[in-house]
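Chain residues, written in single-letter form:
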Amino acid sequence: MSVDHIRFYVRDVATKAAGFGQRYGLDLVSGRSADETSVALISNGIRLVFTEPLIRDHPGAAYLEQHGDGVADVALRTGDAGAAFAEAVRRGAKPISGPSEKDGRVTAAIAGFGDVVHTFVEYRDGASTLPPGFAAGAEVTAQATAGLREVDHFAVCLEAGQLDPTVDFYVAVLDFATIFEERIVVGSQAMLSKVVQSRSGAVTLTLIEPDVTRDPGQIDQFIKNHGGAGVQHVALTTDDIVRSVGTLVERDVEFLATPSTYYDLLAQRLELSRHEVGELRALNLLVDEDHDGQLYQIFARSTHPKNTFFMEIIERAGARTFGSGNIKALYEAVELQRSKQEPQ
C-alpha cells in the first residue's frame, strides 16, 4: 500500500492549481468531466489532485460548504482494489462506493476520519498511471522542479476523545501499526499524538487531539474553523532542504519565521550532521534529532481563508520521528527572546 494521490476539493481550481504548481514545482495535468474540473499536480512520487465540483449534488459541493477548500481523499494504491475494499468493509469500514473500473483503473472507497475518505486505486496492466479520471493523453504543463520527492506524512487534527478510536480503526481495518506516541506540552497547552503507519511504511498519519485538561490551543482552533476533523498539513520530502526551500522562497512561498534565539541555543541541543547553522538561520529552517538521526523541517504560512491547511517541507537524515523537539525548542526561544525585550 502507498499514497496514490491526495484529492483537494476547491472552489476555484484554475487559480489554485496553477499557483500551487508554479510555486512548488509540480507539473499540471488537466482533466474534465460533466460534473467536475480537475487538475493533477505531479512530480516524482507527489500526486495532488485539485477538483472543483460543477454540479450541486457532487460530493465535493457538500464538503466545500462544510469545510471550505481542503483535503477530501487520501487515495491508497493497492494491487487489488476490490479485495482491499471487501476486506476493509468486512473489518468494519463504512463503504462509500463499491469497486468500479474505467480505462484499466479500478477504484473503491471507504470512510476515513471526519469527511475524509480513502479511495483504493488499482492500475491494471496497460492502464495509464495518471490518477483516475485523467486520460492518458491529457495536456501537461511542465514546471521547473523544486526538488520535492514524495509525501512523508499527513498531520490529522481530531476532536477530543477521537484519538484512540481513530487509531483502532487504522490498526483493525487497514492493518496499520502504531509507531510513535507522545504528549506534547507547550506552556499552558497540550496535545496528544499517535502515529500510525501502513505495513509498507509508505503511508503515515500523525493523529493529534487536544488535551482537554489544559488550555485550548491550535488543535481546538482547527476543529472549530474547519468544522470537524481533517488534514491540517501535508509534509513533502526533499533530499536537500536548503536548496528546495531557497527555490520555494524565490517563487514566493512564505514560511513561518523562527526567532534568532532558536539558532543561538541550537548548539546546546545537538550537533548538525549536515547543513550549517547560518544556512538554517537564513531560511528559518528547524532541526530535530532522535536515536536514528536528524530531520530538517519548515512549515509554510497558511494561505487558506480559514487558516486550516498548510504544507511542510522535510528532509530526513536518518530520523524517523516528526520534530516534536522543535515545539519545545521554539517555545523556549520565544520566551528567551521575549525576556530580553522586557524592560529590566
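Figured I'd write up the structure that's included with this text. Throughout, a residue's number is its position along its own chain's written sequence, starting from 1. Local features in this predicted model are restricted to residues whose pLDDT is 70 or higher, and side-chain atom pairs enter the listing and the counts only when it is 80 or higher, whereas totals over whole chains, interfaces and linings include all residues. Excluding hydrogens and water, the side-chain values take into account all heavy atoms of the structure.

Focus on the environment of A18
The cut-off we apply is this: Only DSSP runs of H or I with at least four residues qualify as helices, and only runs of E with at least two residues qualify as strands; both kinds are numbered from the N terminus onward. Throughout, a contact is declared for two residues whenever any of their heavy atoms are within 4.5 Å.
You can see A18 is positioned in helix α1 (residues 13–24). C-alpha separation for the pair A18 and L41, spaced 23 residues apart in sequence, amounts to 9.0 Å. Once residues lying within four places of it in the same chain are set aside, the contact partners of A18 are V13 and L28.

With respect to the environment of V39
Inspection of the secondary structure puts V39 in strand β3 (residues 36–43). C-alpha of V39 to C-alpha of Y262: the two residues are 223 residues apart in sequence and 39 Å apart in space. Ignoring anything within four residues of it in the chain, the contact list for V39 reads V13, A17, L28, V29, L48, V49, F50 and F134.

Focus on the packing of aromatic side chains
We apply this condition: When two rings of Phe, Tyr or Trp (its six-membered ring) have centres within 6.5 Å they constitute a pair, described as stacked for plane angles under 30 degrees, edge-to-face for angles over 60, and tilted for the intermediate range. Accessibility here uses a 1.4 Å probe with only protein chains present; expressed as a share of the type maximum, an area under 20% marks a residue as buried, one over 50% as exposed, and anything in between as partly exposed. A ring is scored as having a charge over it whenever the NZ atom of a lysine or the CZ atom of an arginine sits within 6 Å of its centre and within 35 degrees of its normal.
One pass over the full model with this rule turns up 9 aromatic pairs. Seen in terms of ring centroids, F169 and Y170 are 4.9 Å apart; in terms of plane orientation they differ by 85 degrees. Their pairing is edge-to-face. No difference in accessibility class separates F169 from Y170, as the two residues are buried. Taken together, the ring pairs connect F8, F20, Y24, F50 and F309 into an aromatic cluster. Between R316 and the ring centre of F322, over which it is positioned, the NZ or CZ distance is 5.1 Å.

Notes on the nonpolar core
Heads up, the condition is: Residues grouped as a nonpolar core are buried Ala, Val, Leu, Ile, Met, Phe, Trp, Tyr and Cys residues, joined through side-chain atoms within 4.5 Å.
Counting 72 residues, the largest nonpolar core has Y24, F154, L174 and I313 as the members making the most contacts within it. With 6 residues, the top contributor of residues to this core is helix α4 (residues 163–174). Those residues in contact with Y24, other than ones at most four positions away along the chain, are A146, L148, L248, R251, V253, A300, M311 and I313. Listed in part, the 8 residues of the second largest apolar core include C157, V186, I208 and I219.

Points about the pairing of strand β8 (residues 117–123)
The condition that has to hold: The rule for pairing is simple: two strands pair if DSSP sees at least two bridges between them.
For β8, the tally of buried residues reaches 7 of 7 residues, placing the bulk of the element in the interior. Going residue by residue along β8, you find V117, T119, V121 and Y123 tucked away on one face and H118, F120 and E122 tucked away on the opposite face as well. By the bridge criterion, 3 bridges tie strand β5 (residues 70–77) to β8 in an arrangement that is parallel. If you follow D73 over to β8, its bridge partner there is V117. Sheet topology places strand β7 (residues 105–111) next to β8; 7 bridges connect them, and they run antiparallel.

Description of the pattern of salt bridges
Let me state the cut-off plainly: The term salt bridge refers to a side-chain nitrogen of Lys or Arg lying within 4 Å of a carboxyl oxygen of Asp or Glu.
Counted by the stated rule, this structure contains 18 salt bridges. With a shortest N-O distance of 2.9 Å, R77 and D4 are connected by a salt bridge. Here R77, found in strand β5, pairs with D4, found in strand β1 (residues 2–9); they are 73 residues apart in sequence, far enough to count as distant. For D4, a relative accessible area of 1% puts it in the buried group.

Comments concerning the side chain of D73
Short version of the rule: For the purpose of charge, His is not counted, nor are the chain termini; Lys and Arg are scored as positive and Asp and Glu as negative. N or O atoms within 3.5 Å of each other form a polar contact, as long as, within protein, one can give a hydrogen and the other can take it, and as long as residues adjacent in sequence are counted only when both atoms are side-chain atoms.
Tracing the backbone through its elements, the reader meets D73 in strand β5. One buried charge, D73, has no salt-bridge partner; the nearest side chain with opposite charge is R7, at 4.6 Å. Looking at D73, its side chain comes within polar contact range of the side chain of T119, at 2.6 Å. Those residues in contact with D73 that sit more than four places away from it in its chain are H5, I6, R7, V116, V117, H118 and T119.

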